[in-house]
Amino acid sequence: MATVTSWRGNTEVVTARRTESHDVPDIVTLFSPVTEDLFGRIDVTYLLGLSNLALTLCNEKNEVLAHAAFLDYPNWNITDQAEWEPFLHENYTNNKCTPLNTLFVHLFVAKEEYAAGCSQEIVRRAFILLPELQFILLFIPSEERLGFSHSELAMGNVFERMTPVPGSRMERRFTLLACPRHRCHPQLYVRQARMEDYDDLMLIWTPQSETLKETYGEYLLVDLIEREGEENQAAVCEVDGTAVGFMSLCSHVNISLFQECFDLGPFHGLCKPHPGDILKVPRKPSVQGDKDESDQTSPKAEPVCSQDLEHVPGADAAVQKDGAVALSQTEVPVGDISNTGSEGSAAPLLETEEGDLHPVYRGDPNVFCIRLFFINEKYETRSLDFLQYAFSVFPDRDLCVILVPHHVPEFPLLQSFVRAVPSCTSRLGRELYVFHRAGLLTSFNVRKATTSDLQGVKILVETLSLSEKIWNDSKIFTEARRDPDIEYIRSHYNIEEFIHFNHHQQEEHGHLCHFVLNPVFHHYTKYFLKEILRLGHKSSLYYPIYPEYVEAQFQRPRAHSLTSALHYMAPVRPRRQIVYPLRELGASAPSEQVSKDQLKYSLNHTNRKLVLESKVCINSRIVVVGASDVGISFLETLVFWPRLKFNNLTLISIHGLPGKDPESSKYRRFLINSHCFNDDDYAQMSLCSWVNVVVGKMTSINRSAKYVVVSKEKKVPYDYLVLCTGQSYQALAPTGADSTEVTSQWPQRYTEKVPSNHFTLNNSQDCSEAARWLQENLVSSRGNVIVYGNTIDIYTTVEALLSLGIDGSCIHLVRAPLGSAGPCLGDAALERVVGEALAQAGVAVYPDSVLAEWGQDEHGHIAWAAFKPLESAAAEPLRLPCSAFFSFAYRTLDYETFKAISDACLVFDGRLVIDAKFHTNDASIRAAGPLTKFSRRYFRDDVTHSNFNSKEIGFELAASMLSLFDPSPQPSSEPPEGSDRLIPVYRRCKVQGGVLPGGYNYLHVSKPGIPMALDVEHDPCDHGMEIVTGEAAAGNYFRMHLSRYRMVDSITCFAKEPFPVSNYLCLYGQHERLLNDLCYRWRAGQLSDLYSYFREPWSMAIYHDRFIDLQKELRQTLMSEQVAGQRPEHKAGPKPAFREPVLRYLRQHRAQLPMYGPTDLYTLPAAAGSQGPRPGRAGHSGSSGSPAAAQGPSQERILPTRFLH
């Protein structure tokens, strides 16, 4: 905060912040008659989208007092934006301006009486935010053109006039004003520390003592100053003779420890080059090194070691040998915290647990460390000024390092350092940051590549696995450029969260294919990107990451090298796509660019506005156990959170990240589908670019030391542990043949070695392995397959077995007692049709029975299984021969996970106990999903996370933790009294989908809550309404249930033909009038087929991903009218207040919704009192599939008026 004074003597306390789009109306009100004379005609919204930096000053009432926009090229069209540097040198003397250190003011407006003070404060804040910025320039028309003197400008005291070269053509046209840094926020003077500085430094030390002690350990300030010598140095920075910052340096560094804990290959192991260095060491072959030279893959089973980083996508520095850069985020720090030593030594030959060897560096140490650093907050953005002095006192060292704890936020000094990648055997619980002497340069030249640069590029990238690809592309791109498919990007990715598309020309979008940067210049990446945009006349850059499973023949032309720029780019969320009924839409279907199905990829983006806007880096180690839907949703939320970048996200999972193998995903039909995520979703998220993966099973938790043991050997440390393992099917122990009370001991977990032909399927990997085993051992023979269980998965598994070619007569379906699981389908009509399909296929179905015993052959396989029917206790057990046994009767917590939780003394009551905010009894451990239950103090033991949508649970879990890391102020609102004793309300629907016997496609969408049979759930006493078309046996069954408030709260589809599941999910929670007066049509007998009804063109807008935004806007409009006390008008046709948002919605999304007539030709329906059919209800003929919108003479479809009422 700062204080500005008006020319009247009034004062205002102001705060500077980055300008947001909602500030535009307030900024426009600050325009004065001379604004256009000084800056030309300005579109503020357009300018904000292109500005490298835009700042707004607000007073304590949050009123906008001033605004300024800065770009990296002149504010008047006096020269090409790529050529302004030579232009400036040609026309002005004593010019030290470069693209790295200069920005131009394109707009400054302020409240008139505060203009002088606001201009000073905004310029000062600009210098504070951008440490490399040295000059701010402003071109204004000459005094002759303006008609008044420049001294009359309120900004005159901030800027000084630059002298043009004699005879310059600019002398009479424009005046160039400049504000050098030293006038507002000068570079600090750094010198050797003296004892006389002690009192000044203690004023800074005392308030920060606890934080400094936690960051650097125990140090006495006086000792650090007194012990200065050749190996220990202390420096201070001063302002007006007063010390405002301190840095302690030491040349003794435990290099061997750092080499063991971090990948220091990019920095030659922190040693000087030596002829005896061994840089190339034996390594395991890369997962896809033989398949392709792409870097766009993630590791497989084990934790990723530093030697594997070349083949892993990522977002932080993992740089290849000899200085070529490639980023990775798959580092996995494992081990206990260990204190650093102080003696420097060369590294011996190190061998890791996996048997890989580290490089050997025999040269002298080439590094010094920062032992202690603190500075007055007012000057912390000038922290980099210390390093010039630091390298001068150690002239023989080229590298500087600093260690900080994981939980300490990145302070300004660290933003110029490169974060070293922890190795998989790291025993150091801290982050290591490295800075190279060459990073002190004050300028570098960026230019367009030419053919003469090809040899240099080849040398730079020769150690990268994609070196040949990069070099070949470089040869091509010097002659021709590639532009992105911007229409596809716009329709498939949420790119408009970052830019306004209407303000960007087609040619201003750029496709980033390769980005290679020497690691010593890593902190200049954002300026490199800024120069790419300026020199290429681009406003946006896009970088795609293709999934690892892409086959070689497709991957090679699309291969993109790993890019260090990913750290400075934002991942873009994919958009939900409408499944278009192209046949019904005909000529009204969207263009192929919108509807085409192409290879999915993850998209990353930056633009002129984002490139200088750094995210807050979070180094806290967040370890997620379990790749369940909850865990994936949790990680997705953190990765795509706009203001934060998480450097240490780790997933512990038995099979790693899901979606990496489409071959196994096609066997996912063995299990029912929750429709939370699919392979396209995983490809468009590319979690492997941001998340470390440790493959294995959690076997113990050490809460005191804060680490998880994986597979009884790997230690994965954490700051926050998130348990999302869920429940899984377990091998069921037979009760015994002589048991009289068969249900008393049922079910129990099988504790011995599970036979190899016994299958419990819990994920696509299990399904794939089972399918392969069946194809190799059973499909060609006629062995019996027993499917045993009590969930809907028994039906999907039987259908999958039939689709593999196994004869139905060889499949035996034995039902297990239901227990608390509820009926499989919950609909008697569907159960009956599925039973008929099983009988027709020859599948034998047996009533509820308990597994009594099984016998094994000489190979340890299950040879037969005996079941005891529950109908008659005296009945003989049912004995069936067995070649493969699928068990779906017992779903519970995995035993190893239970033991780890129990041994860690986490409260367990049948499930892991949590509160309403996902906390366990350990503040550092959170849990969510079917693994958990709510504490008994809520008195709702029947309600668990199993009753709710897993994707929503994962999002809420992430949201509950973001408050720990997000520094931006959150809206403060006191929760209602007693809300901490209530279970949260979750609103998203629960979904089950799959293919059932007979080839029936099944979908059931229901409201969250305790599952029950449909005849109970839809009891007429709730005043709801049920709409059913078709018959289950005919394969065209569609059931929709409306609540008493006429909201869709349940959907059941049972059909032979595939249907658009994602479209139907959009219907949940909608009011029936929004569905083109569904109830009216049903009562009028106009509906005979809901499938064709929801394929009609009128419904496409409801399936659009932005439709919910329209609903919110209309709801706000309605609420504002009610608050204002306006009486509702009972008139036919749309209300004007509602019509405009709807038409604007259709105009904005014309590409996705071309089936609606042009909105500029829209005409209101008939006025009140006119005769004829009600608007929006004509045009439907039951199952004919005809459009629900009337056709006018111009043959244009009109928007159904239910959208407008």
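Details of the structure are given in the entry above.
It should be emphasised that the depicted structure is a prediction, and the values quoted were computed from it without experimental measurement.

What counts, and where the lines are drawn
Residues numbered from 1 in each chain as written. Predicted model: local features only at pLDDT ≥ 70, side-chain atom pairs only at ≥ 80, totals over all residues. Heavy atoms only, no water. Helix = DSSP H or I, 4+ residues; strand = E, 2+ residues; numbered from the N terminus. Buried < 20%, exposed > 50% of the residue type's maximum accessible area, 1.4 Å probe, protein only. Contact = heavy atoms within 4.5 Å. Areas by Shrake-Rupley, 256 points an atom, 1.4 Å probe, with all protein chains shown as cover. Phe/Tyr/Trp six-rings, centres within 6.5 Å; stacked < 30°, edge-to-face > 60°. Lys NZ or Arg CZ within 6 Å of the ring centre and 35° of its normal. Core = buried A, V, L, I, M, F, W, Y, C linked by side-chain atoms within 4.5 Å. Pairing = 2+ DSSP bridges. Axes fitted to C-alpha atoms, helices over the stretch in contact; angles between N-to-C directions. Polar contact = N/O pair within 3.5 Å; in protein donor to acceptor, adjacent residues only side chain to side chain. Salt bridge = Lys/Arg side-chain N within 4 Å of Asp/Glu carboxyl O. Parallel < 35°, antiparallel > 145°, perpendicular 65-115°, else oblique. Left-handed = near helix turned anticlockwise from the far one by under 90°. Nonpolar A, V, L, I, M, F, W, Y, C, P; charged D, E, K, R; others polar. Disulfide = S-S within 2.5 Å. Expected span 1.5 Å × (residues − 1).

Some details on the overall build of the protein chain
In terms of helices and strands, the protein chain carries 32 helices and 48 strands. By residue count, 56% of the 1205 residues in the protein chain fall in the buried class. Nonlocal contacts in the protein chain, meaning residues at least 24 apart in sequence, comprise 74% of its contacts between residues at least 6 apart. Counting every atom, the protein chain has about 51600 Å² of accessible surface; 49% of that belongs to carbon and sulfur.

A word on the packing of aromatic side chains
When we look at a pair of aromatic rings, we describe it by the centre distance and by the angle of the planes. Summed over all chains, the structure comprises 46 aromatic pairs. Here Trp84 and Phe104 contribute two aromatic rings whose centre-to-centre distance is 5.0 Å and whose plane-to-plane angle is 85 degrees, an arrangement assigned as edge-to-face. Highlighted residues: Trp84 in helix 4 (residues 84–91) and Phe104 in strand 5 (residues 102–110), separated in sequence by 20 residues. For Trp84, a relative accessible area of 0% puts it in the buried group. By relative accessible area, which is 0% here, Phe104 ends up buried. An aromatic cluster of three or more residues is present, and its members are Phe1038, Phe1059, Tyr1064, Tyr1091, Tyr1093, Phe1094 and Trp1098. Over the face of the ring belonging to Trp864 we find Arg879, whose NZ or CZ atom lies 3.6 Å from the ring centre. Between the NZ or CZ atom of Lys1056 and the centre of the ring of Tyr1000, over which it lies, the distance is 4.5 Å.

Thoughts on the pairing of strand 39 (residues 884–888)
Burial within strand 39 is extensive, with five of its five residues counted as buried. The side-chain alternation of strand 39 yields two buried faces, one formed by Ala884, Phe886 and Phe888 and the other by Phe885 and Ser887.

Points about helix 10 (residues 385–393)
Every buried residue belonging to helix 10 is among Asp385, Phe386, Leu387, Tyr389, Ala390 and Phe391, and all of these are buried. Of the surrounding elements, those touching the buried residues of helix 10 are strand 9 (189–192), strand 10 (232–239), strand 11 (242–250), strand 13 (367–375), strand 14 (399–405) and strand 17 (430–436).

Considerations on the nonpolar core
Ranked by size, the top nonpolar core spans 143 residues in total, and within it Phe70, Ile136, Phe139, Phe634, Ile701 and Leu723 carry the most contacts. Beyond its immediate stretch of four places on either side in the chain, Phe70 contacts Ser51, Asn52, Leu53, Leu55, Leu103, Phe104, Val105, Ile122, Ala126 and Ile136. Val1061, Leu1110, Val1142 and Leu1146 belong to the second largest nonpolar core, which has 48 residues in total.

Examining the sheet that holds strand 20 (residues 570–572)
With mixed pairing, the four strands of this open sheet are ordered in space as 18-19-21-20. A strand with exactly one partner marks an edge of an open sheet, and here the two such strands are strand 18 (509–511) and strand 20. Each neighbouring strand pair of the sheet contributes to a mean axis angle of 35 degrees, computed without reference to strand direction. Bridge count for strand 20 against strand 21 (residues 602–607) is three bridges, and the pairing is antiparallel. Bridge pairing links Val572 to Leu603 in strand 21.

Overview of the side chain of Thr525
Topologically, Thr525 is positioned in helix 14 (residues 525–535). Side-chain polar atoms of Thr525 contact the backbone oxygen of His522, separated by 2.5 Å.

Let's talk about the pattern of salt bridges
The tally for this structure, following the rule as stated, stands at 42 salt bridges. With its nearest N and O atoms 3.0 Å apart, the salt bridge here joins Arg124 to Glu121. Linking Arg124 with Glu121, this pair stays in helix 5 (residues 115–129), spanning three residues, or about one helical turn. Look at Arg124 and you get partly exposed, because its relative accessible area is 22%. Take Glu121: its relative accessible area is 9%, and that puts it in the buried class. A network of salt bridges, in which partner residues are shared, links Asp72, Lys530, Glu531, Arg534 and Arg608.

Side note on unusual backbone geometry
Positioned with a positive phi, His537 is a non-glycine residue whose angle comes to about 55 degrees. Tracing the chain through its elements places His537 in the loop between helix 14 and strand 19 (540–545). A positive phi angle, close to 55 degrees, is found at His675, a residue other than glycine. Its place among the elements puts His675 in the loop between helix 19 (662–665) and helix 20 (679–685).

Observations concerning the packing of helix 18 (residues 629–639) against helix 25 (residues 950–962)
The N-to-C vectors of helix 18 and helix 25 enclose an angle of 45 degrees; their axes lie 7 Å apart at closest approach. In terms of orientation, helix 18 lies oblique with respect to helix 25. The element helix 18 and its partner helix 25 pack so that their crossing is right-handed. Between helix 18 and helix 25, the residues in contact are Asp629, Val630, Ser633, Phe634, Glu636, Thr637 and Leu638 and Ser950, Lys951, Ile953, Gly954, Phe955, Leu957, Ala958, Met961 and Leu962, respectively. Split by residue class, the contact of helix 18 with helix 25 holds nine nonpolar, four polar and three charged.

A look at the sheet that holds strand 25 (residues 649–653)
A sheet is described by the order of its strands in space; here five strands give the open sequence 26-25-23-30-42, paired in parallel fashion. Each edge of the sheet is formed by a strand with only one pairing partner; in this case those strands are strand 26 (691–695) and strand 42 (925–927). For this sheet the average axis-to-axis angle between neighbouring strands, irrespective of direction, equals 20 degrees. Here four bridges tie strand 23 (residues 622–625) to strand 30 (residues 720–723), and the two strands are oriented parallel to one another.

Here's the deal with the environment of Leu103
Residue position: Leu103 is located in strand 5. Considering only alpha carbons, one finds Leu103 and Ile136, 33 residues apart in sequence, at a separation of 5.1 Å. In contact with Leu103, not counting residues within four places along its chain, are Asn52, Phe70, Leu71, Asp72, Leu130, Leu133, Phe135, Ile136 and Leu137.

Comments concerning the state of the cysteines
The tally for this structure, following the rule as stated, stands at zero disulfides. Of all cysteine sulfurs in the structure, the one in Cys250 sits closest to Cys369, which takes part in no disulfide; the separation is 4.8 Å.

Comments concerning helix 5
With 15 residues, helix 5 ought to run about 21 Å at 1.5 Å a step, and its terminal C-alpha atoms sit 21 Å apart, in line with that. For helix 5, the full list of buried residues reads Ala115, Gly117, Cys118, Ser119, Glu121, Ile122, Val123, Ala126, Phe127 and Ile128.

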